[in-house]
Amino acid sequence: MNTAVHCRNLVKVYDTDGQKVTALSGVNLDIALGELMMLVGPSGCGKTTLISIIAGILDQDEGACELFGEDLLAMRSYDKLNFRAKNIGFVFQAYNLLPSLSAAENVSIPLIINGMRRGPAERKAAEMLARVGLGERTTSLPAQLSGGQQQRVAIARALVHSPRLIVCDEPTSALDHQSGHNVMNLLKEVALQHDRVLVIVTHDARIFSFADRIAEMDDGHIVSITDAATMLK
């Protein structure tokens, strides 16, 4: 297996109002290049913490996590920012769109961060918006879009710079059945490339069939990892 994500004995503890809350308790996980991995389990079980560590947004307290052979925890802040800008696309559950920017301007941000000029970046952003069904809404502000449309803008932003890792937190939660399947088909198309990997946190059983493997989490642990085809029989 050509490994993209290699996590060993991950521990993450939050200090909440003076109380220690353990979000991850010795998590081990390997994800292959070209794989679509889904993380499932009840709210609060550690799924979002795990993908945040994989993507370099959070640092673990114990253990190690390598992404494409690189230990993000060992990197200097500047090098980590550059690595993430080039290699990672993240779809946040809260979308995190900038309210004063149009859809195309929001989607162009990763391209501009990576050095592309504004004009070409916004044209490429418009092309990606068309791929997620928003070709007519490139100039709309987030407040002028429905929740589902905002979510597709967030997905377009995560994909526009062709990152090697795409991490999605509930990418279909605000979408109807057909729109959700359209988005998953697009994400699957990206993930199937041999040098990329897609990790999705979801409660949406409608999209389980798109996964290669499904990791079930509970209380800070991965309790099982199953081939999706086996799980759905």
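It should be noted that the structure appears before, not after, this text.
Residues numbered from 1 in each chain as written. Predicted model: local features only at pLDDT ≥ 70, side-chain atom pairs only at ≥ 80, totals over all residues. Heavy atoms only, no water.

Enquirer: When you look at the pattern of salt bridges in this model, what are you seeing that I'm missing?
Expert: Between side chains of opposite charge, a pair can form when the charged atoms approach closely. Considering all chains together, one arrives at ten salt bridges under this definition. In this structure, the salt-bridge partner of lysine 20 is aspartate 15, at a minimum N-O distance of 3.6 Å. Assessed through its relative accessible area of 64%, lysine 20 is described here as exposed. We note a salt bridge from arginine 118 to glutamate 122, for which the minimum N-O separation is 2.8 Å. Of the two residues, arginine 118 and glutamate 122 are both situated in helix H4 (residues 118-131); the distance of four residues between them amounts to about one turn of the helix. Among the residues examined, arginine 118 registers a relative accessible area of 53% and is labelled exposed. Using a relative accessible area of 22% as the deciding quantity, one classes glutamate 122 as partly exposed. The network of salt bridges with shared partners includes Glu105, Arg118 and Glu122. (Salt bridge = Lys/Arg side-chain N within 4 Å of Asp/Glu carboxyl O. Buried < 20%, exposed > 50% of the residue type's maximum accessible area, 1.4 Å probe, protein only. Helix = DSSP H or I, 4+ residues; strand = E, 2+ residues; numbered from the N terminus.)

Enquirer: Please explain the environment of serine 52 as it appears in this structure.
Expert: Relative to the helices and strands, serine 52 is located in helix H1 (residues 47-54). Owing to a relative accessible area of 8%, serine 52 belongs among the buried residues under this scheme. Discounting residues that sit within four places of it in the chain, serine 52 has contacts with Ile57, Leu58 and Phe90. (Contact = heavy atoms within 4.5 Å.)

Enquirer: Sorry if this is basic, but what is going on with unusual backbone geometry here?
Expert: Residues apart from glycine generally show negative phi values, whereas peptide bonds are mostly found in trans. Its identity is not glycine, yet aspartate 17 carries a phi of approximately 50°, on the positive side. Along the polypeptide, aspartate 17 turns up in the loop between strand S1 (3-16) and strand S2 (19-32). Positive phi values are uncommon outside glycine, yet asparagine 96 reaches one of about 60°. Topologically, asparagine 96 is positioned in the loop between strand S6 (88-91) and helix H3 (103-113).

Enquirer: What is the right way to read empty space enclosed by the protein from this model?
Expert: Rolled over the atoms, a probe sized like a water molecule indicates the empty space that remains. Evaluated as defined, the whole model comprises one cavity of 30 Å³ or more. Taken as a whole, the largest cavity encloses approximately 80 Å³ of empty space. Lining the largest cavity are 14 residues, and of these Ile53, Gln60, Cys65, Leu72 and Leu73 sit closest to its centre. Looking at the lining of the largest cavity, the elements with two or more residues in it are H1, strand S4 (62-67) and strand S5 (70-71). In terms of residue count, S4 provides more of the lining of the largest cavity than any other element does, three residues in total. The residue makeup of the lining of the largest cavity, split by class, is seven nonpolar, two polar and five charged. (1 Å grid on protein atoms, 1.4 Å probe; cavity = no way out; pocket = protein on both sides within 12 Å on 5 of 7 lines; lining within 4 Å. Points joined across faces, edges and corners; volume = space filled by probe spheres on them. Nonpolar A, V, L, I, M, F, W, Y, C, P; charged D, E, K, R; others polar.)

Enquirer: Teacher, can you tell me more about the sheet that holds S6 here?
Expert: The strands that make up a sheet are held in pairs by hydrogen bonds between backbone atoms, and each pair lies either parallel or antiparallel. The strand order across the open sheet built from six strands is S6-S7-S8-S3-S9-S10, with neighbouring strands paired in mixed fashion. Each edge of the open sheet carries a strand with a single partner, namely S6 and strand S10 (221-227). Mean inter-strand twist for the sheet, computed between neighbouring axes without regard to direction, equals 15°. Where strand S3 (residues 36-40) and strand S9 (residues 213-218) come together, four bridges link them in parallel fashion. From the neighbouring strand, methionine 37 faces S9, where its bridge partner is arginine 213. This element, H1, spans S3, S6, strand S7 (165-169), strand S8 (197-201), S9 and S10 of the sheet and lies at about 155° to S7. The strands that helix H5 (residues 147-159) touches are S6 and S7; relative to S6, the one it contacts most, it runs at about 170°. (Pairing = 2+ DSSP bridges. Axes fitted to C-alpha atoms, helices over the stretch in contact; angles between N-to-C directions.)

None of the figures reported here should be taken as evidence of function without further support.
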